Amino acid sequence: METGNSTFLITERGPDGSTMESKAVSKDRFFIVLRGKSRRGFCRGCIGRVEAETARGDVMGLMYGCGSNAGSPKNWGYVKAEDTYPLTRHQAQLLLYISSPSRRLELLCNPQLFLAICELSPGDLVVLKYKKGHVPGVVKNLMQIGKKENKEDLDMLGFEVEFVDSENNVSTNKLAPLPIFTASDIIQVIPSYSVPLGLQYRDIKSGGSSRKMVTRMSSVPNIGTSKRQAMGRQSERSVVPSQTQSTAPVPLEVGSLVEVVNNAGITVYGVIRWLGILEGKMDTWAGIELDYEVKGCSDGVYKDQRYFTCKENTALFVPVTKCSPDSRFVWSSAETETFKTTELPPVPPYEDCEEDAPPVPESEAASLFVGKMKGIQGHINSCYLDAALFSLFSSSVTVDAICNKPADKEQPITCILKSIVNRLRRQGFVPAQSVMNFRKNLGCETFSKNEKDPEEFISVLFQKVLCIEPLLKLRSEGGTCQGAYTLQIFLEKEQMGQTPTVQKLLDTSCISGDIKFETMPSCLIIQMPRCGNKYKMFSHIIPSTELDITDLLYNSPRECFICGQMAKFECLECLPDYKLQPGRIKQYCSTCNTQVHTLRSRCSHSPRALVVPEGVATDAPLPRHTMQLFGVLCIQTSHFVSFVKYGPNSHSWLFFDSMADRYGDDQNGYSIPEVRACPELGDFLCQPEEELTRANLALAPELVRRLLCDSYMFLYHRPEISVSKPNSGGP
């Protein structure tokens, strides 16, 4: 079989249980169905072979089954090309041996792991799911499963693996056949050039004597790329001497990739999700999310206290002194010099279609977005733009009307944005190249090179790219009305308590500045206050999941602050009164206004008469106008990330970082974006506001603490209303 520039000779079992080589096979066009309803035989996870393509974009294919006879074609069928993902013959054969369609798709959603599995060679070390645990093993052969009865059949492929125990010994039972595993059984691939401490798995001990793991190594060439083979040769020369070299300790922080060696000598790998001092401990500990499940680990809870959230049996808490940088990603300078160019990660091909993709529904968002190489890939100071685009367009219906405008009214830059949005919603990933093309067409060269503030980009996005009228119509003192796309909070720190909420910040800022909303906005983007050159005025801010702007609407009926009747007066001087809930907007009916201002401390106030709309019954219940939080942009040391609420469920929160990790150096590498589920944020925000303001953030989960301490911009919308009014140019 041809893979890249090399050939992998497949071995298969003969009648007597021995192995034999078969000739190389040729390439064909195969695919797997990613989405869409079942259409004449095809459903999600099915694998087929392309036979013909129709003019309207349908693929006519031969569908293969599941189970022991998966290699035999079942019937013909049709499927939309946009609902499929192309496969090589080798990839199709590996996926066919996985009987569960859902497990096929789950593996395909991890493109880095799938590519590594496709390139496995005899002698490579892997970690397998086996008997409710995880064990290391060494690949012996790629095995052909099934019997071809006709030329249309497709052989399935599995991996013959020999287990390695904790002392790096392989099995000594030569008579027992080695087990065969599917590609989905492999949860980690560790190629030879990444094996730490000079341990060469091609020369592992067996029965006390050293021997070659695979006797047919010379007849089974590597399928890896030339880069990978060169790295393997380089590591053989440099890894052992490096053990004696002294290296400066590497500072570890949240997000660092680390490894920990347990008492049995087994190394586990993961990423630090939390750092701090645990209750009852004196030194700093690390909470690590492991790459795979380990029995006895938790889901982020330590002694009944949750510090972060991950899958069950993947959270490990250890002293930070036990952690070391992940040696699989630590390359020597010689290795870096050998490879001047870094291979880009596998990016699933994408062809845009005329039909626009709707916002991703709550039921599909987690499966589509969560993982590494998900969301929008960052590149050259793009985090401000990536975070804003992901927050606005991943799941919110507020600005979805941009995708429904007639094509003849769209500018080229609008079409580029539309392509990015559709790709994000259909594939869950947008590569950096696509976003860079968009940045270069924004009309200013600095958008493609320099760091920017999100509010500057958002204004350009709505005004120049989407041609949408200002989202806000603000009425100031004197009756003048001005349009804006974002709202900046202005106030003095002394006007607020130590831990303000977004609701109180908005109320205080608008009343202090004598600003009202002329109309009810469908989307409200609020920028938090700054203090001098600092990025934030408050140490942390409590998000208001629901924002009530009833009392900030001009010429709208309002309730009396005290009795609930129709309000006829408003008093700005009462705003900071600690006896009347400081920070709350104060409006009164005629009776309450007189009573409140008879006190000596308030008799000098000058309440203003409100304009009561005509036709409103004074005794009828007054409606409240509220907006829902759907996104938060956060900043830490000039790096923007975002939190997105992707559905009505309180736990439906995602955390997105377009530059969560990096492969290679600044010149030749690329960013690895990541989206993480963040249900712990929903648990936190479900508490009463009084409890939130008193919460000890030192004990809060890492992502919750990050949102509260680093919040920069809050995004609210009215899900039932879309922004759909294009303008003719300026605001």
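Novice: How do you make sense of the overall build of the protein chain when you look at a structure like this?
Specialist: If you tally the helices and strands in the protein chain, you get 15 helices and 40 strands. Taking all 731 residues of the protein chain together, the buried fraction comes to 50%. Carbon and sulfur atoms make up 51% of the accessible area of the protein chain, which amounts to about 34,700 Å² in all.

Novice: Hey, could you run me through the sheet that holds strand 30 (residues 516-517) in this one?
Specialist: Within a beta sheet, neighbouring strands are joined by backbone hydrogen bonds and run either parallel or antiparallel to one another. What the 3 strands build is an open sheet, ordered 28-27-30; its pairing is antiparallel. Unpaired on one side and paired on the other, strand 28 (481-484) and strand 30 mark the two borders of the sheet. The sheet contact formed by strand 27 (residues 472-475) and strand 30 spans 2 bridges and is antiparallel. Residue Leu-474 lies in a different strand from strand 30, and its bridge partner there is Phe-517.

Novice: Looking at this model, I keep getting lost on helix 8 (residues 412-427). Mind explaining?
Specialist: Residues three or four positions apart in an α-helix share a direction because the helix packs 3.6 residues into each turn. With 16 residues, helix 8 extends 22 Å between its outermost C-alpha atoms, agreeing within 8% with the 22 Å of an ideal straight helix rising 1.5 Å per residue. Of all 16 residues making up helix 8, 13 are buried, and the element is well covered by its neighbours. Directly beyond the C-terminal end of helix 8, a positive phi value near 80° is found at Gly-428.

Novice: How should the sheet that holds strand 35 (residues 608-609) be read in this particular structure?
Specialist: On the basis of which strands lie adjacent, the open sheet formed by 3 strands has the order 34-33-35 and antiparallel pairing. The two strands at the open ends of the sheet, each matched to only one other strand, are strand 34 (587-588) and strand 35.

Novice: Would you mind showing me how to read the nonpolar core here?
Specialist: Across soluble globular proteins, nonpolar side chains have a tendency to be buried as a group. If you look at the biggest cluster of nonpolar residues, it comprises 96 residues, and the most contacted ones within it are Phe-438, Phe-457, Leu-506, Leu-524 and Phe-643. Ranked by residue count, the leading element in this core is helix 7 (residues 383-393), at 9 residues. The next biggest cluster of nonpolar side chains, apart from the first, holds 35 residues, and it includes Ile-47, Leu-62, Ala-92 and Val-161.

Novice: Looking at this model, I keep getting lost on the pairing of strand 12 (residues 156-163). Mind explaining?
Specialist: The side chains of a regular strand alternate, residue by residue, between the two faces of the sheet. Most of strand 12 is tucked away, with 7 of its 8 residues classed as buried. Two elements, strand 12 and strand 13 (residues 180-181), share 2 bridges in a ladder whose sense is antiparallel. Note that in strand 13 the partner of Phe-159 across the bridge is Phe-181.

Novice: Sorry if this is basic, but what is going on with the packing of helix 7 against helix 9 (residues 432-440) here?
Specialist: What describes two packed helices is the angle between their axes and the distance between those same axes. At a minimum axis separation of 12 Å, helix 7 and helix 9 run at an interaxial angle of 105°. It follows from the interaxial angle that helix 7 and helix 9 lie roughly perpendicular. Residue-level contacts link Leu-385, Asp-386 and Leu-389 of helix 7 to Val-435, Phe-438 and Arg-439 of helix 9. Classifying every residue of the contact of helix 7 with helix 9 by side-chain character gives 4 nonpolar, no polar and 2 charged.

Novice: How should the environment of His-639 be read in this particular structure?
Specialist: You can see His-639 is positioned in strand 37 (residues 639-645). Distance from His-639 to Ser-382, taken between C-alpha atoms, is 9.3 Å for residues 257 residues apart in sequence. Within the structure, His-639 has its side chain in polar contact with the side chain of Asp-657 (distance 2.8 Å).

Novice: When you look at the packing of aromatic side chains in this model, what are you seeing that I'm missing?
Specialist: Aromatic ring pairs are described here by two measures, namely the spacing of the ring centres and the angle between the planes. A full pass over the atoms with the stated rule returns 17 aromatic pairs. Summarising the aromatic geometry, the rings of Tyr-130 and Phe-163 are spaced 4.7 Å apart at their centres and angled 50° between planes, so their arrangement reads as tilted. Placement of the pair is Tyr-130 in strand 10 (residues 125-130) and Phe-163 in strand 12, with a sequence separation of 33 residues. Ring plane angle 90° and centroid distance 6.3 Å describe the contact between Phe-438 and Phe-457, whose orientation is recorded as edge-to-face. Of this pair, Phe-438 sits in helix 9 while Phe-457 sits in helix 10 (residues 454-465), and the two are 19 residues apart along the sequence. The class for Phe-438 is buried, based on a relative accessible area of 0%. Pairwise contacts between aromatic rings join Trp-274, Trp-285, Tyr-302, Tyr-307, Phe-308 and Phe-317 into one cluster. Positioned over the ring face of Tyr-554 is Arg-475, at 4.0 Å from the centre of the ring.

Novice: What is the right way to read the side chain of Ser-658 from this model?
Specialist: Counting through the fold element by element, Ser-658 comes out in strand 38 (residues 653-663). A polar side-chain atom of Ser-658 sits 3.0 Å from a polar atom in the side chain of Asp-386. The contact partners of Ser-658, leaving out residues within four places of it in the chain, are Ile-376, Gln-377, Gly-378, Cys-383, Asp-386, Ser-671, Ile-672 and Pro-673.

Novice: How should I be thinking about helix 11 (residues 502-512) in this particular structure?
Specialist: The buried fraction of helix 11 amounts to 9 of the 11 residues, a majority that puts the element mostly inside the structure. Those residues of helix 11 not exposed but buried are Val-502, Gln-503, Leu-505, Leu-506, Asp-507, Thr-508, Ser-509, Cys-510 and Ile-511. Packing partners of the buried residues in helix 11 comprise strand 29 (487-488), strand 30, strand 31 (523-527), strand 32 (546-548), strand 33 (569-570) and strand 40 (711-717).

Novice: Explanation requested: the pattern of salt bridges in the structure shown.
Specialist: Any two side chains of opposite charge can pair if their charged atoms end up close together. One pass over the full model with this rule turns up 18 salt bridges. Here Arg-103 ties to Asp-185 by a salt bridge, and the two come within 3.4 Å at their closest N and O atoms. Here Arg-103 is found in helix 2 (residues 101-108), whereas its partner Asp-185 is found in the loop between strand 13 and strand 14 (186-190), with 82 residues between them in sequence. Assessed through its relative accessible area of 16%, Asp-185 is described here as buried.

Novice: Please clarify how the confidence of the model for the protein chain should be interpreted in this entry.
Specialist: Predicted coordinates in regions of low pLDDT should not be interpreted in detail. The share of residues in the protein chain with pLDDT of 70 or more is 73%, and the mean pLDDT across the chain is 75. Between the elements of the protein chain, mean pLDDT differs from a low of 33, seen in strand 16 (residues 209-210), to a high of 95, seen in strand 37. Note that residues 1-27 has pLDDT below 50 and, in this model, 61 contacts with residues that lie over four places away or in other chains. Note that residues 191-248 has pLDDT below 50 and, in this model, 109 contacts with residues that lie over four places away or in other chains.

Novice: Could you clarify how one ought to interpret the environment of Leu-105 in this entry?
Specialist: By the element assignment, Leu-105 lies in helix 2. What makes Leu-105 buried here is its relative accessible area of 8%. Placed 79 residues apart in sequence, Leu-105 and Ser-184 show a C-alpha to C-alpha distance of 9.9 Å. Leaving out residues up to four positions away in the same chain, Leu-105 has contacts with Ile-32, Val-33, Leu-34, Arg-44 and Gly-45.

Novice: What exactly am I supposed to notice about unusual backbone geometry here?
Specialist: Glycine aside, residues mostly have negative phi angles, and peptide bonds mostly take the trans form. Look at Cys-467: it is not a glycine, yet its phi comes out positive at around 55°. Following the sequence through the fold, Cys-467 ends up in the loop between helix 10 and strand 27. Even without glycine at this site, Asp-514 takes up a positive phi of about 55°. Inspection of the secondary structure puts Asp-514 in the loop between helix 11 and strand 30. Residue class for Asp-514 comes out buried when judged on its relative accessible area of 12%.

Novice: Quick question: what am I supposed to make of the side chain of Ser-711 here?
Specialist: Along the polypeptide, Ser-711 turns up in strand 40. For Ser-711, a relative accessible area of 8% puts it in the buried group. Sequence-distant contacts of Ser-711, defined by excluding residues within four places in its chain, comprise Met-528, Ile-541, Val-632, Leu-633, Cys-634 and Arg-706.

Cut-offs applied
Residues numbered from 1 in each chain as written. Predicted model: local features only at pLDDT ≥ 70, side-chain atom pairs only at ≥ 80, totals over all residues. Heavy atoms only, no water. Helix = DSSP H or I, 4+ residues; strand = E, 2+ residues; numbered from the N terminus. Buried < 20%, exposed > 50% of the residue type's maximum accessible area, 1.4 Å probe, protein only. Areas by Shrake-Rupley, 256 points an atom, 1.4 Å probe, with all protein chains shown as cover. Pairing = 2+ DSSP bridges. Expected span 1.5 Å × (residues − 1). Core = buried A, V, L, I, M, F, W, Y, C linked by side-chain atoms within 4.5 Å. Axes fitted to C-alpha atoms, helices over the stretch in contact; angles between N-to-C directions. Parallel < 35°, antiparallel > 145°, perpendicular 65-115°, else oblique. Contact = heavy atoms within 4.5 Å. Nonpolar A, V, L, I, M, F, W, Y, C, P; charged D, E, K, R; others polar. Polar contact = N/O pair within 3.5 Å; in protein donor to acceptor, adjacent residues only side chain to side chain. Phe/Tyr/Trp six-rings, centres within 6.5 Å; stacked < 30°, edge-to-face > 60°. Lys NZ or Arg CZ within 6 Å of the ring centre and 35° of its normal. Salt bridge = Lys/Arg side-chain N within 4 Å of Asp/Glu carboxyl O. pLDDT = per-residue confidence, 0-100.

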